Amino acid sequence: MDIKIEATWKNILQEEFDAPYFASLIDFVKNAYSCGTVYPPKAQIFEAFNRTPFEKTKVVILGQDPYHGPNQAHGLCFSVQPGVQTPPSLVNIYKELEQEYGKSFLTRNGDLRDWADQGVLLLNATLTVNAGCAGSHQGKGWETFTDSVVRRLAEQRENLVFMLWGGYAQRKGAFIDRTKHLVLEAPHPSPLSAFRGFIGCGHFKKANDYLQEHGQTPICW
């Protein structure tokens, strides 16, 4: 499978692409696509990187798995393709935005490409999944790859905002230097946990305040 990824990321991550684990991962992914339905579409596996180059990244939001339903996943965590019903976790993200900004977000669709284009890296820990089978591509190497992505951002950039929602994301970002970056933690926005502290977390305004304090353009959420 040809790796089509934005040039700055390709350079930053070349060591990963050359590693034995990545060759095994790609063999697994190629086989999965040839044997059944896998999400997102093959051309969008690296969509988060292609829309948000390394040097333009301002905010990192960590998800876990791509959506595994038809026409949902398109390579950006929490985002769905236009015309698809907004998933429950994203509904709660919009509810939090409404609470912070006092205007309606629930009328918009679930397509977050405009966030990605502004510098929000919408990164899932696992970049592919079998249709209808959550977690089916976990433990195959994607987590090693995305751990490296987070590590390179944390070490080579300064004054980024990392939004870590839920225990999984928080463990993945535990090593990030809090004196160098803003790390915002809250429960996951899923219906099971959103009202235990995600709603009311204030993360979106905190992120923009931090960006402005460090001379960067805030995100138009």
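Higher on the page you've got the structure.
Residues numbered from 1 in each chain as written. Predicted model: local features only at pLDDT ≥ 70, side-chain atom pairs only at ≥ 80, totals over all residues. Heavy atoms only, no water.

> Would you explain the overall build of the chain in this entry?
In terms of helices and strands, the chain carries nine helices and six strands. For 221 residues, the compact-globule estimate of 2.2 N^0.38 gives 17 Å, and the C-alpha radius of gyration of the chain, at 17 Å, lies within 12% of that figure. Structurally, the chain occupies a C-alpha span of about 45 × 35 × 25 Å along its principal axes. By the burial criterion, 55% of the 221 residues in the chain qualify as buried. Sequence-distant contacts, at least 24 apart, represent 67% of the contacts inside the chain between residues at least 6 apart. Total accessible area on the chain stands at roughly 9700 Å², and carbon and sulfur atoms take up 49% of it. For the chain, the centre of its 22 positive side-chain charges and the centre of its 23 negative side-chain charges are spaced 3 Å apart. (Helix = DSSP H or I, 4+ residues; strand = E, 2+ residues; numbered from the N terminus. Rg over C-alpha atoms; globule rule 2.2 N^0.38 Å. Buried < 20%, exposed > 50% of the residue type's maximum accessible area, 1.4 Å probe, protein only. Contact = heavy atoms within 4.5 Å. Areas by Shrake-Rupley, 256 points an atom, 1.4 Å probe, with all protein chains shown as cover. Lys, Arg positive; Asp, Glu negative; His and termini not counted. Charge placed at Lys NZ, Arg CZ, Asp CG, Glu CD.)

> Is there a simple way to think about the side chain of Ser136 in this case?
Secondary-structure assignment places Ser136 in the loop between strand S4 (129–130) and helix H7 (142–156). Residue classification places Ser136 among the buried positions, given a relative accessible area of 17%. Among the polar contacts made by the side chain of Ser136, one reaches the main-chain amide nitrogen of Asn130 at a distance of 2.8 Å. Here the side chain of Ser136 touches Cys133 through a polar contact of 2.8 Å, landing on its backbone oxygen. For Ser136, the contacting residues outside a window of four places in its chain are Phe28, Asp65, Val129 and Asn130. (Polar contact = N/O pair within 3.5 Å; in protein donor to acceptor, adjacent residues only side chain to side chain.)

> Before we go on, may I ask you to explain the sheet that holds strand S2 (residues 59–63) in this structure?
Two modes of strand pairing occur in sheets, parallel and antiparallel, and in both the strands are linked by backbone hydrogen bonds. In space, the four strands of this open sheet follow the order S3-S2-S5-S6, with parallel pairing throughout. Each of the sheet's edge strands pairs with one partner strand only, and the pair in question is strand S3 (120–124) and strand S6 (182–186). The average undirected angle you get between the axes of adjacent strands in this sheet is 20 degrees. Two strands pair when backbone bridges link them, and S2 and strand S5 (residues 161–165) are joined in this way by three bridges, in the parallel orientation. Counted as the bridge partner of Val59 is Val161 from S5. Along the sheet, H7 makes contact with S2, S3 and S5, crossing S3 at roughly 150 degrees. (Pairing = 2+ DSSP bridges. Axes fitted to C-alpha atoms, helices over the stretch in contact; angles between N-to-C directions.)

> For this particular structure, what's the right way to read helix H5 (residues 88–101)?
Because each turn of an α-helix spans 3.6 residues, side chains separated by three or four positions in sequence point in the same direction. In this model H5 runs 20 Å from its N-terminal to its C-terminal C-alpha over 14 residues, within 8% of the 20 Å that 1.5 Å per residue would give. Of the positions making up H5, those classed as buried are Ser89, Leu90, Asn92, Ile93, Tyr94, Glu96, Leu97 and Glu100. Note on H5: the residue one or two positions beyond its end, Gly102, has a positive phi of about 65 degrees. (Expected span 1.5 Å × (residues − 1).)

> Help me understand the pairing of S2 in this model?
For a regular strand, side chains alternate in direction, first toward one face of the sheet and then toward the other. For S2, the buried fraction is high: five of the five residues fall into the buried class. Pairing between S2 and S3: five bridges, direction parallel. Looking across to S3, one finds that Val60 is bridged to Leu121.

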